Amino acid sequence: MSHTALPITPIVDALVEEWSALEAIATSMTDEQWSAPSVLPGWTVADVIAHIIGTESMLAGRDVEVRRDLAALDHVRNPIGELNEKWLDHFRDRPRTEVMAAFADIIAARTNALRAMTQTDFDADTITPAGPDTYGRFMRIRIFDCWMHEIDIIDSSTESGSATTVSLAAAPTTWALEEIAASMPFVVGKRARTPQGTSILIRVGGVAPREMRIVVEERAAAVDAFDGGDESADVTLTLDDIDLARLVGGRRSADPTRVTIDGNVEFGRAIVENAAYVI
């Protein structure tokens, strides 16, 4: 079982900051933007907010009744999608003011619950969307998920998917990129089938610049440095943090041409084309 130990205070602070960003953008948009189709199949922008409410409500032990056969919907492809859809269905007929009131209520409840936790609670084992790990890892995934949906809302509410239209906070972005970095060896090794002996450097720009280094041996693994330095990388991918989010999320706003590939172009293209790992 994985045991990802993470510091409680900065994780909770970043998650609360991301919730505040979502509330700010949701309350500032027009009614037309609120009800417009999102970049996510079958969802409106309002549905994205309902999804956040639903996930946090489930973590708080709240539930709603299923009102129809959600598995029959075209965009529902697995049990997780069906579970998500239950909460969207619950809020779809509700006025915007009621949905945002529900958002404020559950965020206040979850913030209070998280602030009351200890580091020991945060380090406890639990089931996460990435498999068995710590509760802290689950909350890092929650930062990533909410951060991704902030990008979804912005992309859905603007005519251009250009990253220049997105302004995100540094702390949530930092932790979201940490979560992406944890999954990139899987992308490189399993999804892209990068050959053994290959080293990959991913340079990510934006509000929280970082570099990810991966070496493929018997399996792909993250490393702190390459034996021959960064110049020895067989493949170097350079892209913006927002473009990386769109790629790993499999969003229709993703644009592979925005990624600069240096070194082995064939391997680099395979990684970019197989980057989408989010369920």
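Above this text you will find the structure in question.
The rules behind these values
Counting restarts for each chain: residues are numbered from 1 in the order of the written sequence. In view of the model being predicted, local features appear only for residues whose pLDDT reaches at least 70, and side-chain atom pairs are presented and counted only at 80 or more, with totals across whole chains, interfaces and linings using the full set of residues. By convention in this description, side-chain values take in all heavy atoms of the structure and omit both hydrogens and water. Starting at the N terminus, helices and strands are each numbered in turn, a helix being any DSSP run of H or I of at least four residues and a strand any DSSP run of E of at least two. The buried label applies to any residue whose accessible area, calculated with a 1.4 Å probe on protein chains only, is under 20% of its type's maximum; exposed applies above 50%, and partly exposed to all values in between. Should any heavy atoms of two residues lie within 4.5 Å, those residues are considered in contact. Where accessible areas are quoted, they stem from the Shrake-Rupley method and a 1.4 Å probe; at the residue level, only the protein chains shown are allowed to cover. Criterion used throughout: strands pair if DSSP finds at least two bridges between them. Between rings of Phe, Tyr and Trp, where Trp is taken as its six-membered ring, a pair exists when centres lie within 6.5 Å; planes separated by under 30 degrees are stacked, by over 60 edge-to-face, and by other angles tilted. Take the buried residues of types Ala, Val, Leu, Ile, Met, Phe, Trp, Tyr and Cys, join any two whose side-chain atoms come within 4.5 Å, and each joined set is a nonpolar core. Here a cavity denotes grid points, spaced 1 Å and computed from the protein atoms alone, that fit a 1.4 Å probe unable to get out, and a pocket denotes an open set having protein on both sides within 12 Å along at least 5 of 7 lines; residues with an atom within 4 Å of a point are the lining. Grid points are joined across faces, edges and corners, and a volume is the space filled by probe spheres set on the points. Side-chain classes are defined by residue name, with Ala, Val, Leu, Ile, Met, Phe, Trp, Tyr, Cys and Pro counting as nonpolar, Asp, Glu, Lys and Arg as charged, and the others, Gly among them, as polar. Each axis is a line fitted through C-alpha atoms, and for a helix only the stretch in contact is used; angles between axes span 0 to 180 degrees, taken between their N-to-C directions. For this document, the term salt bridge refers to a Lys or Arg side-chain nitrogen within 4 Å of an Asp or Glu carboxyl oxygen. What a helix should span is 1.5 Å times the count of its residues minus one. Here the arc refers to the set of directions running from the helix axis out to each C-beta atom.

1. Observations regarding the overall build of the protein chain
Here comes step 1: Summing up its helical and strand segments, the protein chain has ten helices and seven strands in all.
Here comes step 2: Sorting the 279 residues of the protein chain into buried and exposed places 49% on the buried side.
Here comes step 3: For the protein chain, the share of sequence-separated contacts (at least 6 apart) that also reach a separation of at least 24 residues comes to 69%.
Here comes step 4: A total accessible area of about 13,100 Å² is found for the protein chain, and carbon and sulfur atoms account for 50% of it.

2. Remarks on the pairing of strand S4 (residues 210–216)
Here comes step 1: For S4, the tally of buried residues reaches five of seven residues, placing the bulk of the element in the interior.
Here comes step 2: Two strands pair when backbone bridges link them, and strand S3 (residues 199–205) and S4 are joined in this way by six bridges, in the antiparallel orientation. Bridging from a neighbouring strand, Val204 pairs with Arg210 of S4.
Here comes step 3: Adjacent in sequence and paired antiparallel, S3 and S4 are bridged by four residues, among which Gly206 carries a positive phi angle near 120°.
Here comes step 4: What sits between the antiparallel neighbours S4 and strand S5 (residues 220–222) is a turn of three residues.

3. Brief notes about the packing of aromatic side chains
Here comes step 1: Under the defined criterion, the tally for this structure stands at two aromatic pairs.
Here comes step 2: For the ring pair Phe122 and Tyr135, a centre distance of 6.2 Å and an interplane angle of 65° mean the geometry is edge-to-face. Placement of Phe122 in helix H6 (residues 119–122) and of Tyr135 in helix H7 (residues 135–157) is noted, with a sequence separation of 13 residues between them.
Here comes step 3: You can call Tyr135 buried: its relative accessible area is 16%.

4. With respect to the nonpolar core
Here comes step 1: One finds Trp34, Ile49, Ile53, Phe103, Met139 and Ile153 to be the most contacted residues of the largest nonpolar core, which totals 43 residues.
Here comes step 2: Where this core is concerned, the elements lending two or more residues are helix H1 (8–28), helix H3 (45–59), helix H4 (79–91), helix H5 (96–115) and H7.
Here comes step 3: The biggest single contributor to this core is H1, with ten residues.
Here comes step 4: Not counting chain neighbours up to four residues away, the residues in contact with Met139 comprise Ile11, Leu15, Leu59, Arg110, Leu114 and Phe122.
Here comes step 5: Counting residues in hydrophobic clusters, the runner-up holds 34 residues, among them Ala192, Met212, Ile214 and Tyr277.

5. Observations concerning the layout of surface pockets
Here comes step 1: In this structure, the second largest pocket spans a volume of roughly 600 Å³.
Here comes step 2: Ala182, Pro185, Phe186, Ala220 and Ala221 are, among the 28 residues lining the second largest pocket, the residues nearest its centre.
Here comes step 3: Elements supplying a minimum of two residues to the lining of the second largest pocket: helix H8 (170–191), S4 and S5.
Here comes step 4: In terms of residues, the lining of the second largest pocket owes the most to one element, H8, which gives nine residues.
Here comes step 5: Of the residues belonging to the lining of the second largest pocket, the class tally is 13 nonpolar, four polar and eleven charged.

6. Observations regarding the sheet that holds strand S6 (residues 235–240)
Here comes step 1: Taken together, five strands build an open sheet; the order of strands is S5-S4-S3-S6-S7 and the sheet is mixed. Among the strands making up the open sheet, the edge pair consists of S5 and strand S7 (260–263). The average angle at which neighbouring strand axes cross in this sheet is 20°, direction not considered.
Here comes step 2: Running over the sheet, H8 touches S3, S4 and S5 and is turned about 25° from S4.
Here comes step 3: The strands touched by helix H9 (residues 241–248) are S3, S4 and S6; relative to S6, the strand with the most contacts, the crossing angle is about 105°.

7. What to know about the pattern of salt bridges
Here comes step 1: One pass over the full model with this rule turns up 21 salt bridges.
Here comes step 2: One salt bridge connects Arg137 with Glu179, and the closest N-O pair in it is separated by 2.7 Å. You can see Arg137 sitting in helix H7 and its partner Glu179 sitting in helix H8, a full 42 residues away along the chain. Accessibility assignment for this pair places Arg137 and Glu179 in one class, buried.
Here comes step 3: A salt bridge links Asp230 to Arg213; the nearest nitrogen and oxygen atoms lie 2.8 Å apart. Residue Asp230 is located in the loop between S5 and S6, and its partner Arg213 is located in strand S4; the two are separated by 17 residues in the primary sequence.
Here comes step 4: One network of salt bridges, with partners in common, ties together Glu56, Arg110, Arg142 and Asp145.

8. Side note on H7
Here comes step 1: For H7, which comprises 23 residues, the first-to-last C-alpha distance of 33 Å matches the rise-based estimate of 33 Å (1.5 Å per residue) to within 8%.
Here comes step 2: With respect to burial, H7 is a largely interior element, 22 of its 23 residues being buried.

9. Digging into H5
Here comes step 1: Compared with the 28 Å implied by 1.5 Å per residue over 20 residues, the 28 Å span of H5 between its first and last C-alpha is a close match.
Here comes step 2: Buried residues of H5: Arg96, Val99, Met100, Ala102, Phe103, Ile106, Ile107, Arg110, Thr111 and Leu114, and no others. Burial along H5 is one-sided: seen end-on, the buried residues are contained in an arc of 160°. Set apart from the buried face of H5 by more than 90 degrees, the exposed residues are Thr97 and Asn112.

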